[in-house]
Amino acid sequence: MARRSRAVEGPIAAVAALVLAPLALAFSAAVANAQTPSCEISVNRQDALSADSPDRPLRVPATGPFRVSVEAEQPIQTGSLSVRLASVPVHTITFSPTQTGNTWTDNFSLDSFEAIGAGLYEVVGNIPPCPIFTAWVVVDGPSPVTVANVAALGVLVVGVATAGAGLVAGARGVGGLARSVIGGAVAGLGALVLAQQQGMVPVDAGTLIAFTAIPGGLSGVTHTALGAIGRRRQESPGDTGPYYTPTYPGGQPVPSYPGAHSGPSYPSAPAPPYSGPPPAYDYPAYDTAAPPPPPPPPMAPPMPTTAPAPAPMAPTSPPPMAPPMPEPITPGATTTATPSATATATPGSSPTRGSHAATPPESTGSGAPPGAGASAGGSSGAGPAPATPQPPRESYAHIFCPETVVAEMEFELVVGLAAQPDRDVVGGPMVVPERIVGPYTMTIQVIADGFRLTRPHETWRADLRVTAEAPYPTTVLHLAADEQTRPVVAQSIRAMYSIDGQAVGLAARPIAVVREASLVASTPPPPAAEPVDIMLPTDSVPPDLTVRIEVGQPAGRLLLQLLAGDPQVVIPSEPLVVDIGNEPGLFLRDIIRKMNAAEGQPGMYKVLMGIGLTIADQLPTEFWDVVAAVGKKAGDRPPTILFLSAEPYVPWELAVMEPPLDAALPPFLAAQASVGRWVLGQRRPKLPPPTEVKVGSIAVVSGVYNLPGWDRLIDAEQEADELATTYGAAKVNAASQDVLRLVGGNPPADLLHFAVHGQYDPNGAIDGIVLVDGLTLDPMQVKGSPLASRPFVFLNACQVGSGEQVLGDYAGMAEAFLFAGASGVIAPLWSIDDVMARELALRFYEKALTGRTPADILREERAAFIDDPATISSTYLAYQYFGHPHMTIARAAG
């Protein structure tokens, strides 16, 4: 299809159209656009003929193509679309189909118009044989900096300045009414064009009157009121305005002195000398100098060179402002001045009307204005300061949007805080960390896979200030769902909430996306999600870096959000996209197979380096920049990292850092940092991961293997014996009935240690912990056995740290224990050496039960894996830790 477009030449023509076009409305006739269509016309699948009112506009992008489709009763020969502002064409598109027919579709673009303007416009279409039609469109501009916006802002500023000058002149009583009215009207005209550019209102006769006549009239009324007030002030003898000189009784002006009023005075008749005592003045609390001396007759008083002696208790610093005038004296009345009625009031006396003391009240001592320290009863004693209002300590996620949206059509998403839970939002109460006092900033990071932001200035991250006066702030994002091939698609919008780098909650809201608008009425709203308790720890220092990993679409697409504990670390506002392919489970199985084959071989370190580099290459550069930044902030200690992951396959702990944080350590991420991970399931495992586990009793599972194909684990048996001897662990035989009783709570234990065989084969007959009687403790059996005591679990068994997906959710033996209620799990990904596994476990408990965190202990163990012939086992790097990186294990009293 051939297409030709013609735009207004240059920004000058656009500015002239925007500013002069409203004036032409007063002389132009109304455009008739109520015609009966005999064609079907759509723009981006939106019915153009239904957008016959500015209240129902279509939306088209200023950049990129938009599609126009026409179905007519007769062949279409040619056509034009005229974009108009106040009935004045500002952009015209003409076209001639290369093939005649009753159906015609083509793509158009407003690229040449985007720098001039955006907003709400009237479009007049002339597409024979269709009748001429009128539609309203909102052109979504890529940037707020356009010729129209700049011109309108300039008009607004000029109008405000002109109106302000007129109001000032009115207050002085020197005219300026015309400037006030014209300036208000011009400012309203600029505001009208700005509103039109934002797509809020059209430019027509009605809005022109509303935006010019009303501001101009209000400015004129304000000018008149200020003029009346100014005249009354000039005429009032007690006036102390900026252009009035205070006088003594009889009209004698008060002399000027440092800090007193020194502005111009209005002319007055000469006054006779005033020989009486100086009148008393009611000084403000911050007037601290004694009143000026009486003036000499009748010449202008000179500037005094010495101040009178200060009264007792009166400061001597000059007052910052002129003293107010004395009370008017009735002509013929007699004024008697007594010591108590002068400026030297006796300390402790109570000044009354007509007898005003110059001594200021006692200072509050805090720099506050006078009276700030007074109690509710009016006393000025030094009572306790009132408590500063605090924002609420608990709130809920607010995520609001339409239940059903049409693909590729913009809609509004409101995110923020609420006082009460919303049944349509998955998420529990969010508690402010105890270390946060007073107002704080709530950071909200939104993930909406399958959607895009439609406004160029908006990002997926929002920082909302929470105060006692505004405890539940919100903000608005503008989204559009991606194009859909299916009629209806169930989606969700999710958000992570954090305060000062500490995650305090996760929330999600379901939303249905339909392919076209006709399906909205027939699509039921998405089911209300069951409220769940989703909180994160608030009583401890947050990890240096929290990495939230969500599974996107299509398969293999991951979305990463980063959260730094130090607010000075710059993190990306947009989610980081990682593509791990549509069969990531094969990658994990390949890692297990390769490591099992390489165990004890000379090239084992190189194999792990290759795996780590492969994982690292999938992570964007922004991720490594943030890791380097938090490592620098951590200083001499290793940084802590928490992975909150809905993805079960990739061992991110093995990713190789280039360059590493510490060149003396292996470059693997979990050797450079203290890393923990936690599973983001649908409803379990519960969040938050605990930061402390109290251990009163320990149970260790082991046994003698006499099974075909399974070696006897001599060192595992010795491992169980040493744990029983050293820590009083109860020994449990690794037989199916005994183990099932143990996970069911008999005997009760706060720490479960397994020194057994394991195997990862989700598609085979054996997947889980292999027991001495030939049976297997399956992940599903563990999930079905709630762990009421929330124990810490150490699975010292081959391959049981591996993960998988079941029904789209994270699965595996480690996840099964977390699902059942475990506070933390340690489990190896691949086969481990029996001797080294025993030694590592014993070292672990020796350090953990004295206050070291499991994450840092395992980091230290991984650091021993170096490229050296003496390193004969990959057992150092096999273990994954599921738990908070700051969690500690402590023996309970008794």
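Up top is the structure.
Residues numbered from 1 in each chain as written. Predicted model: local features only at pLDDT ≥ 70, side-chain atom pairs only at ≥ 80, totals over all residues. Heavy atoms only, no water.

*Asks:* Before we move on, can you summarise the packing of helix H2 (residues 147-172) against helix H3 (residues 177-197) with the specific residues and values?
*Replies:* Contact geometry of H2 with H3 gives a least axis separation of 7 Å together with a crossing angle of 155°. One finds that H2 runs roughly antiparallel with respect to H3. Helix-helix and strand crossings are classified by hand; for H2 and H3 the assignment is left-handed. Partitioned by chemical class, the residues of the contact of H2 with H3 number 15 nonpolar, 9 polar and 1 charged. (Axes fitted to C-alpha atoms, helices over the stretch in contact; angles between N-to-C directions. Helix = DSSP H or I, 4+ residues; strand = E, 2+ residues; numbered from the N terminus. Parallel < 35°, antiparallel > 145°, perpendicular 65-115°, else oblique. Left-handed = near helix turned anticlockwise from the far one by under 90°. Nonpolar A, V, L, I, M, F, W, Y, C, P; charged D, E, K, R; others polar.)

*Asks:* With reference to specific residues and values, describe the state of the cysteines.
*Replies:* In a disulfide, the sulfur atoms of two cysteines are covalently bonded to one another. Overall, the coordinates contain 1 disulfide when judged by the stated rule. Two residues share a disulfide in this structure: Cys39 and Cys130, whose sulfurs sit 1.8 Å from each other. Given an S-S torsion of about -105°, the disulfide between Cys39 and Cys130 has left-handed geometry. With Cys39 in the loop between helix H1 (10-24) and strand E2 (40-43) and Cys130 in the loop between strand E9 (119-126) and strand E10 (133-140), this residue pair connects regions lying 91 residues apart in the sequence. On the accessibility criterion, Cys130 (6% relative accessible area) is buried. (Disulfide = S-S within 2.5 Å. Buried < 20%, exposed > 50% of the residue type's maximum accessible area, 1.4 Å probe, protein only.)

*Asks:* Describe the sheet that holds strand E30 (residues 757-759), listing the residues and the values that go with them.
*Replies:* Read across the open sheet, the 3 strands follow the order E30-E31-E32; overall the sheet is antiparallel. Since the sheet does not close on itself, it has two edges, and those belong to E30 and strand E32 (776-777), each with one partner. Direction of pairing for E30 relative to strand E31 (residues 768-770): antiparallel, over a ladder of 3 bridges. Bridge pairing in E31 places Gln759 opposite Gly768. (Pairing = 2+ DSSP bridges.)

*Asks:* Can you break down the sheet that holds strand E16 (residues 451-453) residue by residue, with the values?
*Replies:* Strand order in the open sheet formed by 5 strands is E14-E11-E13-E18-E16, with antiparallel pairing between adjacent strands. Sheet topology places strand E14 (430-431) and E16 at the edges, where each strand pairs with a single neighbour. Note: strand E13 (residues 410-418) against strand E18 (residues 474-481), 7 bridges, orientation antiparallel. The residue bridging Glu410 from the neighbouring strand is Ala480, located in E18.

*Asks:* I'd like to hear about unusual backbone geometry, residue by residue, with values.
*Replies:* With omega at 0°, the peptide bond leading from Glu658 into Pro659 counts as cis. By the secondary structure assignment, Pro659 is in the loop between strand E24 (640-645) and helix H8 (669-672). Between Asn746 and Pro747 the backbone carries a cis peptide bond, its omega angle lying at 0°. Inspection of the secondary structure assignment puts Pro747 in the loop between helix H10 (736-743) and strand E29 (751-755).

*Asks:* An account of the nonpolar core is needed here, citing residue identities and associated values.
*Replies:* Grouped together as the largest cluster of nonpolar side chains are 80 residues, with contacts concentrated most on Phe623, Trp652 and Trp830. Top contributing element to this core by residue count: helix H13 (residues 834-848), with 8 residues. In terms of nonpolar packing, the next biggest core, distinct from the first, is built from 48 residues, Val701, Leu777, Met813 and Phe817 among them. (Core = buried A, V, L, I, M, F, W, Y, C linked by side-chain atoms within 4.5 Å.)

*Asks:* How would you summarise H2 if you had to cite specific residues and measurements?
*Replies:* The end-to-end C-alpha separation of H2 is 38 Å, in line with the 38 Å expected for 26 residues at 1.5 Å each. Burial in H2 covers these residues: Ala148, Asn149, Ala151, Ala152, Val155, Gly159, Ala163, Gly166, Ala169 and Gly170. (Expected span 1.5 Å × (residues − 1).)

*Asks:* Just give me the short version of the environment of Gln445, but keep the residues and values in it.
*Replies:* Here Gln445 lies in strand E15 (residues 440-447). C-alpha separation for the pair Gln445 and Ser498, spaced 53 residues apart in sequence, amounts to 8.4 Å. Those residues within four positions of Gln445 in sequence are excluded, and the remaining contacts are Trp460, Arg461, Arg494, Ala495, Met496, Arg548, Gln561, Leu562, Leu563, Ile571 and Pro572. (Contact = heavy atoms within 4.5 Å.)

*Asks:* Break down the pairing of E2 for me, with residues and values.
*Replies:* For a regular strand, the rule is simple: side chains alternate between the two faces of the sheet. With 4 bridges joining them, E2 and strand E5 (residues 65-71) adopt antiparallel strand pairing. What sits directly across from Glu40, in E5, is Glu71. In terms of strand pairing, E2 meets strand E3 (residues 46-47) through 2 bridges, oriented antiparallel. Directly across from Ser42, in E3, lies its bridge partner Asp47. What sits between the antiparallel neighbours E2 and E3 is a turn of 2 residues, in which Asn44 has the positive phi angle 50°.

Everything listed is a geometric property; what it means functionally is a separate question.
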